[in-house]
Amino acid sequence: MMRGRFISIEGGEGAGKSTMVERLTTWLESRGHRVITTREPGGTVLAEKIRAILLNDDHAELCSQAELLLMFAARAQHLEELIRPALGRGETVLCDRFTDATWAYQGGGRQMPAALIAGLEEMVHGDLQPDLTLLLDLPVELGLERASRRSEADRFEQEPLRFFERVRQAYLDRAAAKARRFAVIDASGDIEQVWAQIEAVVERRLG
Ligand code: Z5A
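Position numbers for residues start from 1 in each chain and track the written sequence from start to end. pLDDT decides what is reported in this predicted model: residues at 70 or higher carry local features, side-chain atom pairs at 80 or more are listed and counted, and totals for whole chains, interfaces and linings draw on all residues regardless. Excluding hydrogens and water, the side-chain figures rest on all heavy atoms present in the structure.

**Student:** Just to check I follow, could you spell out the sheet that holds strand β4 (residues 132-137) for this structure?
**Tutor:** To summarise the sheet geometry, strands pair through backbone hydrogen bonds and adopt either a parallel or an antiparallel arrangement. Taken in spatial order, the five strands line up as β2-β3-β1-β4-β5 in an open sheet, and their pairing is parallel. Across the chains shown, the open sheet's two edge strands, defined by having one partner strand only, are β2 (35-39) and β5 (182-186). Between one strand axis and the next, the sheet turns by 20° as a mean value, whatever way the strands run. Should DSSP find at least two bridges between two strands, the strands are taken to pair. Counting from the N terminus, the helices are the DSSP runs of H or I reaching at least four residues and the strands are the DSSP runs of E reaching at least two. With five bridges connecting them, strand β1 (residues 6-11) and β4 associate as parallel partners. If you follow Ile7 over to β4, its bridge partner there is Leu132. Whether two residues touch is decided by their heavy atoms; if any such pair falls within 4.5 Å, the residues are in contact. In this analysis, axes come from line fits to C-alpha atoms, helices being fitted only over the stretch in contact, and the angle between any two N-to-C directions falls in the range 0 to 180 degrees. Strands in contact with helix α1 (residues 17-30) are β1, β2, β3 (92-96) and β4; relative to β3, the strand with the most contacts, it is inclined by about 170°. Contacts from helix α7 (residues 161-177) reach β1, β4 and β5, with the element oriented near 145° to β4.

This is the structure in structure tokens:
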């Protein structure tokens, strides 16, 4: 059986990832895909426990290196238990954030060395990358304003504006470096405008 398609969706806070994951799942299913929708950090029982540690704003003392290693620990478990088996069964995996988020948040935001992230990426899933990555890009202030309407701020959302500016730039740099895999979506418009771009890209790239 052919391996299933692996799609990741990325972007800063409040970019509209969850909203678009829901739409895209319905759209793909209506076209006959068997879709597994998941997220990072998280996606399995153990990885969701790691997520709870990572996002809890009581854990202000969590150091950058521990944060990076926990991201990859959750990812290794997620790949082993959920992503690889689903792709092996020919299913489409739609993941809300993947390793590009590590390049953006731990690489850009926390300024962790690229060689360290590259080494962990190689160890955990060097053989497996998404077929398509949708990057929802929008000005940082707009995303934070949308996110603040939705829920309480988590540990990451306590960071200053310049942290999120570095995250945005790291995402854009990564998209430029991996242009064949990425599609940059202008996420500043309304939900219908953003969805129209995603539908067109997925139709074109995945057929
Ligand atoms: N993280 C990391 O550091 N390293 C890693 O490797 C990974 C993750 C994998 C968890 O992310 C955190 O983990 C994240 C990075 C870090 N940092 N934080 N915080 P998350 O994905 O769970 O959390 P998030 O980025 O904060 O997601 P979010 O705020 O839920 O944003 P979203 O999913 O992109 O947006 P949404 O929930 O779809 O929309 C937010 C609100 O805006 C909602 O009320 C919508 O109805 C509204 N919305 C959505 N689209 C629009 C448009 N187009 N117009 C107007 N309003 C809209």
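**Student:** Is there a simple way to explain unusual backbone geometry in this structure?
**Tutor:** At the junction of Glu40 and Pro41, the peptide bond is cis and its omega measures out at -10° in the coordinates. Tracing the chain through its elements places Pro41 in the loop between β2 and α2 (45-55). Look at Arg97: it is not a glycine, yet its phi comes out positive at around 80°. The exposure class assigned to Arg97 is buried, which follows from its relative accessible area of 13%. Summary of the burial criterion: residues with accessible area below 20% of their type's maximum are buried, those above 50% are exposed, and those between are partly exposed, where the area comes from a 1.4 Å probe applied to protein chains only.

**Student:** Can you help me understand the environment of Cys63 in this one?
**Tutor:** With respect to the helices and strands, the residue Cys63 is situated in the loop between α2 and α3 (64-88). The exposure class of Cys63 is partly exposed, given its relative accessible area of 44%. Counting along the chain gives 122 residues from Cys63 to Ile185, while the straight-line C-alpha distance between them is 32 Å.

**Student:** Help me understand the pattern of salt bridges in this model?
**Tutor:** Proximity of charged atoms lets side chains of opposite charge pair with each other. For this analysis, a salt bridge means a side-chain nitrogen from Lys or Arg found within 4 Å of a carboxyl oxygen belonging to Asp or Glu. Here the structure, examined in full by the defined rule, presents 15 salt bridges. Across the pair Glu48 and Arg39 runs a salt bridge, and its minimum N-O distance is 2.7 Å. Overall, Glu48 belongs to the partly exposed group, its relative accessible area being 26%. Between Asp100 and Arg174 there is a salt bridge whose closest N-O contact spans 2.7 Å. Of this pair, Asp100 sits in helix α4 (residues 99-109) while Arg174 sits in helix α7; the two residues are 74 residues apart in sequence, bridging distant segments of the chain.

**Student:** Can you help me understand the environment of Ala76 in this one?
**Tutor:** The topology assignment puts Ala76 in helix α3. The class for Ala76 is partly exposed, based on a relative accessible area of 33%. Between the alpha carbons of Ala76 and Glu121 there is a distance of 9.8 Å; along the sequence they are 45 residues apart.

**Student:** Is there a simple way to explain the pairing of β1 in this structure?
**Tutor:** On a regular strand, each side chain points to the face opposite its neighbour's, so the side chains alternate between the two faces of the sheet. Across the six residues that make up β1, a large majority, six, are buried. Of the strand pairs in this sheet, β1 and β3 are connected by four bridges, and their pairing is parallel. Within β3, the position partnered with Ser8 by the bridge is Cys95.

**Student:** Explanation requested: the site of the ligand in the structure shown.
**Tutor:** When we say a residue is near a molecule or strand, we mean one of its heavy atoms is within 4 Å of it. The environment of the ligand is formed by 28 residues, the closest being Ser18, Thr19, Arg51, Arg97 and Arg150. Ser18 has a polar side-chain atom sitting 2.6 Å from an oxygen atom of the ligand. Whenever two N or O atoms come within 3.5 Å, that pair is a polar contact, provided that in protein one can donate a hydrogen and the other can accept it, and provided that, for residues adjacent in sequence, both atoms are side-chain atoms. At a separation of 3.3 Å, a nitrogen atom of the ligand approaches a polar side-chain atom of Arg146. When the ligand is considered free in solution it has 1,000 Å² of accessible area, and contact with the protein chains removes 87% of it. At the level of elements, α1, α2, α3, α4, α6 (140-150) and α8 (191-206) are the ones that each hand at least two residues to the shell around the ligand. Counting residues per element, the shell around the ligand draws most heavily on α4, at four residues. When grouped by side-chain class, the residues that make up the shell around the ligand number ten nonpolar, seven polar and eleven charged. For the accessible areas, the method is Shrake-Rupley and the probe is 1.4 Å, while residue cover comes only from the protein chains on display. Under the scheme applied, nonpolar residues are Ala, Val, Leu, Ile, Met, Phe, Trp, Tyr, Cys and Pro; charged residues are Asp, Glu, Lys and Arg; polar residues are all the others, including Gly.

**Student:** Help me understand a negative patch on the surface in this model?
**Tutor:** Put simply, a patch holds well-exposed residues, over 30% relative accessible area, that have no salt bridge, with like charges counted together within 9 Å and Val, Leu, Ile, Met, Phe, Trp or Tyr side chains within 5 Å. The charge count includes Lys and Arg as positive and Asp and Glu as negative, but it does not include His or the ends of the chains. In this description, the location of a charge corresponds to atom NZ of lysine, CZ of arginine, CG of aspartate or CD of glutamate. Taken together, the side chains of Asp57, Asp58, Glu61 and Glu152 make up a negatively charged region of the molecular surface. Among the structural elements, Asp58 can be located in the loop between α2 and α3. The exposure class of Asp58 is exposed, given its relative accessible area of 61%.

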